[in-house]
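# Understanding the architecture of this molecule
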Amino acid sequence: MEERPYRSASGAPIALRHRQHSASCRELAVRCPRLQLRSLSAVTSAVWLAAYGLFVLSENSMVLSAAIFITLIGLIIYLHFVKIDQESLLVIGSLGIQVTSSYASGKESTTFIEMGQVKDVVINEAIHMQKVIYYLCILLQDPGDPQGVSEVVPLFQSSKPRLDCLIEVYKSCQEILEQRKTAPQSS
Amino acid sequence: MVLKVFFPSCCSSAESGILIGRWILEQNSAVILAVVHFPFIPVQVKQYLSEVQRVTKVSVSVLGSWSNSKQEKEESLSEFLEDLGTIFAHEPWIQISKEGDSKFWSCSTLQKHSNNPKEEEIILVYYDQRKVMLSHLHPPLDTATSTDRRADDASKLSAIFDTVAKSKILFMTDRYDDGPIKLTHWQSDGVEASIIVELMKQASVPACTLLTFLLSLISGICRSRVLKFWPLSFLWSKLSTCEQLGHRLQHLQVISSNKKAQTQTQLMRKANIFVSLLIDAALGILLMSWLYRKNRIGHLADTLIPVADHVAEELQDLLQWLMGAPAGLKMNRALDQVLGRFFLYHIHLWISYIHLMSPFIEMILWYVGLSACLGLTVALCILSDIIALLTFHIYCFYVYGARLYCLKIYGLSSLWRLFRGKKWNVLRQRVDSCSYDLDQLFIGTLLFTILLFLLPTTALYYLVFTLLRLLVVIVQGLIHLLVDLIDSLPLYSIILRLCRSYRLAAGVKFRVLEQQDGKPLRLLMRINPLSYGSVVQTYRLPTYSCYPKDSWTSLCKKLFLGELIYPWKHKGEKQD
């Protein structure tokens with residue numbers, strides 16, 4: 001098990017953890033940049049200053065308690081639904097690929113794609129805002145057309161690692177995916 | 001080549017024995033269903049398995065041996081277990097052994113007719129048998145629509161879920177039965193059952209027959225010839241309360257039918273309809289108790305007539321304003337007076353009718369309010385109908401204004417074409433040039449000028465009444481949206497997803513357990529529940545109203561041309 005530091009597309013530091021559980025099972029986890037204390041305090045102070053300004057204008061103390069309430073609820077919603085802490089990929093040869101995102105509040109959202117549906121794992125380029133970034137994606141097989149691709153599942157969307165990290169993940173995945181080509185019996 | 005063994009977690013502490021389950025050749029995986037303990041007679045085991053196979057249509061067979069030794073590994077036992085492999089011929093013969101309380105088991109396979117001597121990798125996947133048996137796997141929504149190639153392209157996981165779900169009969173024998181076979185599975189400590197569920201099942205049969213009888217009576221009355229005469233049938237089709245009652249009657253018929261639900265979807269639909277009816281009735285009775293508590297319904301009836309009067313007075317003020325110089329615009333005095341007086345007379349008639357009805361209003365409302373016990377949706381529909389009846393004069397004014405405006409617009413466009421020397425060719429559906437006589441041109445131009453200068457007056461009346469009508473339509477539409485929401489929300493599925501989330505599965509998720517070198521890979525398979533959005537989308541109940549397919553541009557075009565708009569249509573009515 002090893003953990004190496006990399007950088008995301010926007011320059012924030014991320015870490016890749018590579019674990020090999022067995023010959024055909026590998027787990028790759030990318031840890032996203034944490035919630036910064038200074039951005040949290042900046043947002044909270046901005047909201048509370050605005051609320052205090054409104055209070056001075058309207059002389060209604062409900063504004064202050066409403067601001068506290070909104071800040072708390074907003075923070076809980078942000079931690080539970082928006083802020084992703086870690087994105088991991090579990091590749092089990094002959095079973096499938098499992099993609100997990102864990103949120104800052106502990107919630108985990110998992111998707112499991114069976115090996116029969118996976119056509120390939122590739123690195124693609126995309127235009128994101130004003131940048132061109134690389135991203136890793138899983139190509140799903142079209143059941144009707146053996147050469148066709150029915151869906152593209154992008155991975156590591158919130159941490160957006162750079163090409164060097166993606167190449168390492170890509171090499172790991174391809175080693176396991178090749179095993180299924182050499183074993184003709186398992187479909 | 002990797003061999004996958006799906007082992008139920010309830011059998012982890014079972015005594016030594018042989019493993020029975022299903023071998024899926026295409027996936028090279030073995031799904032273990034139970035452990036048969038010593039002593040047993042192989043012939044009886046084979047007989048039992050063939051009977052199970054005949055009933056469940058799942059090819060259950062003996063897959064291997066399981067040894068759970070508390071002390072050191074016994075050599076004689078392992079040889080005995082290998083010899084069993086010759087009695088129950090199965091290829092490959094799986095041998096799992098657990099020593100003491102160790103978490104790490106050793107797994108090996110015996111291949112007699114294998115061509116490659118290489119030791120294949122084994123993955124041990126633990127699964128919770130009860131949860132997998134009760135769970136229903138939902139395919140992703142886009143693949144659910146393509147039903148061809150389903151049989152051979154079936155997901156690998158659904159094969160495992162099916163195997164466990166269909167083998168229910170295997171789990172019916174527990175360790176207290178005096179049979180020749182002793183099994184260990186999730187129910188081997190005693191078959192689970194609930195007294196309440198059994199009692200309800202017994203009580204539901206006579207209740208269903210009684211309900212079916214009552215419903216057949218009611219639908220017989222509804223279908224009788226008396227109610228089919230023209231004025232009554234027109235009234236029934238216009239009142240939304242009757243639609244809602246008919247819809248609920250259909251629902252009751254579905255749940256009171258004696259046929260047992262064949263598929264999971266039908267069962268969920270029945271359960272959803274039942275819970276929806278129950279919640280509806282409960283909310284309706286709550287509303288009724290609130291309304292009748294402090295004679296609020298009497299107060300409501302008392303305020304109804306003054307409210308109708310107030311609305312009529314406001315309309316009269318509005319018409320007086322229009323007959324003057326509304327918003328500073330100068331109207332054509334003669335036309336203005338005619339239209340204004342016409343509408344004022346209408347309002348006067350309406351007020352007289354309302355005052356005629358006023359002594360009976362309280363009693364009618366009191367009895368109508370009792371029907372709220374049929375459900376909150378019925379009460380809301382009655383409210384919507386009362387609003388429609390009270391604002392009937394606004395509807396009439398809108399229709400008059402719209403027809404007048406529509407005629408004017410058509411007249412204007414046709415005379416404009418004449419003014420330019422063109423004509424509408426009905427045969428060719430296009431505009432053609434045409435040579436008119438002088439007197440035709442003269443009269444046409446005169447009429448065109450008259451209509452053009454009368455346009456602002458009519459347009460203003462049309463605008464005002466259309467806005468009022470749209471306001472009423474929006475209020476009625478909101479009420480109908482709420483009724484549709486209560487009708488179509490699958491409450492039972494949502495509560496099931498909340499409390500027993502493993503029953504609605506979107507897929508599975510794996511967790512890697514502690515590993516030890518040299519031992520097979522250990523994974524835990526858990527059920528990944530369906531998200532709430534997919535639950536609502538999959539199980540929502542169909543409703544009787546369809547929302548307008550008109551886009552905003554066509555709606556604006558209709559308003560501009562003066563065509564009548566019917567924003568909320570019901571299924572079964574002809575679309576305009």
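Residues numbered from 1 in each chain as written. Chains lettered and ligands numbered in written order. Predicted model: local features only at pLDDT ≥ 70, side-chain atom pairs only at ≥ 80, totals over all residues. Heavy atoms only, no water.

## Structural notes on the overall build of chain A
When helices and strands are tallied, chain A shows 3 helices and 9 strands. Taking 16 Å as the expected radius of gyration for a compact globule of 187 residues, we find that chain A reaches 22 Å, considerably beyond that expectation. For chain A, the C-alpha atoms occupy an extent of roughly 75 × 35 × 35 Å along the three principal directions. Here chain A holds 187 residues, and the buried ones make up 37% of them. Across chain A, every contact between residues at least 6 apart in sequence was considered, and the portion connecting residues at least 24 apart equals 43%. Accessible area for chain A stands at about 10700 Å²; split by element, carbon and sulfur atoms hold 59% of it. Taken together, the 17 basic and 17 acidic charged side chains of chain A have centroids lying 6 Å from each other. (Helix = DSSP H or I, 4+ residues; strand = E, 2+ residues; numbered from the N terminus. Rg over C-alpha atoms; globule rule 2.2 N^0.38 Å. Buried < 20%, exposed > 50% of the residue type's maximum accessible area, 1.4 Å probe, protein only. Contact = heavy atoms within 4.5 Å. Areas by Shrake-Rupley, 256 points an atom, 1.4 Å probe, with all protein chains shown as cover. Lys, Arg positive; Asp, Glu negative; His and termini not counted. Charge placed at Lys NZ, Arg CZ, Asp CG, Glu CD.)

## Looking at the packing of helix H11 (residues 333-370) of chain B against helix H12 (residues 376-390) of chain B
All names here are of chain B. Axis separation between H11 and H12 bottoms out at 13 Å; the angle between their running directions is 170°. With respect to their mutual orientation, H11 and H12 come out roughly antiparallel. Contact residues: Trp-350, Ile-354, Leu-365 and Val-368 in H11; Ile-382, Ile-386, Leu-389 and Leu-390 in H12. Its residues placed into classes, the contact of H11 with H12 shows 8 nonpolar, no polar and no charged. (Axes fitted to C-alpha atoms, helices over the stretch in contact; angles between N-to-C directions. Parallel < 35°, antiparallel > 145°, perpendicular 65-115°, else oblique. Nonpolar A, V, L, I, M, F, W, Y, C, P; charged D, E, K, R; others polar.)

## Looking at the sheet that holds strand E8 (residues 131-141) of chain A
Residue and element names in this part refer to chain A. Across the sheet, which stays open at both edges, the 3 strands sit in the order E7-E8-E9 with antiparallel pairing between neighbours. Across the chains shown, the open sheet's two edge strands, defined by having one partner strand only, are strand E7 (118-128) and strand E9 (149-154). Along the sheet, successive strands turn relative to each other by an average axial angle of 35°, direction set aside. In terms of strand pairing, E8 meets E9 through 5 bridges, oriented antiparallel. By the bridge assignment, Leu-139 is partnered in E9 with Val-152. Strands E7 and E8 of the sheet are contacted by helix H3 (residues 163-182), whose axis makes an angle of about 160° with E7. (Pairing = 2+ DSSP bridges.)

## Brief notes about the domain arrangement of chain A
As far as domains go, chain A holds domain 1 (2-31 + 89-182) and domain 2 (37-81). For domain 1 of chain A and domain 2 of chain A, the distance between their C-alpha centroids amounts to 38 Å. (Domains from an automatic or database assignment.)

## Quick word on unusual backbone geometry
The phi torsion of most residues other than glycine is negative, and most of the peptide bonds are trans. Residues and elements named next belong to chain A. Positive phi, normally seen in glycine, also occurs at Ser-94, with a value near 70°. Looking at the element boundaries, Ser-94 is found in the loop between strand E4 (84-92) and strand E5 (96-103). Looking at Ser-94, the relative accessible area reads 22%, which means it is partly exposed. The phi dihedral of Phe-156 is positive, around 50°, even though this residue is not glycine.

## Some points on the interface of chain A and chain B
Residue-level contacts link 18 residues of chain A with 20 residues of chain B. Here chain A packs against chain B, burying approximately 1800 Å² in sum over the two surfaces, 57% of which is carbon and sulfur. The interface formed by chain A and chain B contains 0 salt bridges. Taken together, the connections running from chain A to chain B amount to 5 residue pairs in polar contact (both at pLDDT 80 or more). Among the elements that take part in the side of chain A that touches chain B, strand E6 (residues 108-114) of chain A stands out by supplying 3 residues, more than any other. Residue composition of the side of chain A that touches chain B, grouped by class: 7 nonpolar, 10 polar and 1 charged. (Buried area = accessible area lost by both parts, 1.4 Å probe. Salt bridge = Lys/Arg side-chain N within 4 Å of Asp/Glu carboxyl O. Polar contact = N/O pair within 3.5 Å; in protein donor to acceptor, adjacent residues only side chain to side chain.)

## Describing helix H14 (residues 438-488) of chain B
With 51 residues, H14 of chain B should reach 75 Å at 1.5 Å per residue; the first-to-last C-alpha distance of 65 Å falls well below that figure. Along its length, H14 of chain B reaches its greatest deviation from straightness, about 45°, at Leu-455 of chain B, and the proline Pro-456 of chain B lies no more than four positions downstream. (Expected span 1.5 Å × (residues − 1). Bend = angle between axes of the 7 residues up to and from the residue.)

## Side note on helix H9 (residues 264-293) of chain B
Counted at 1.5 Å a residue, the expected span for H9 of chain B with its 30 residues is 44 Å, and the 43 Å between its end C-alpha atoms agrees. Note on H9 of chain B: the residue one or two positions beyond its end, Asn-295 of chain B, has a positive phi of about 55°.

## Side note on the UniProt feature "transmembrane region" (unreviewed entry) in chain B
In the numbering adopted here, UniProt assigns the feature "transmembrane region" (unreviewed entry) to residues 203-222, 273-292, 338-357, 364-391, 397-419, 440-464 and 470-495 of chain B. Across residues 273-292 of chain B, the secondary structure splits into 100% helix and 0% strand, with the terminal C-alpha atoms separated by 28 Å. (UniProt positions renumbered as here; feature names shortened; annotations may be inferred.)

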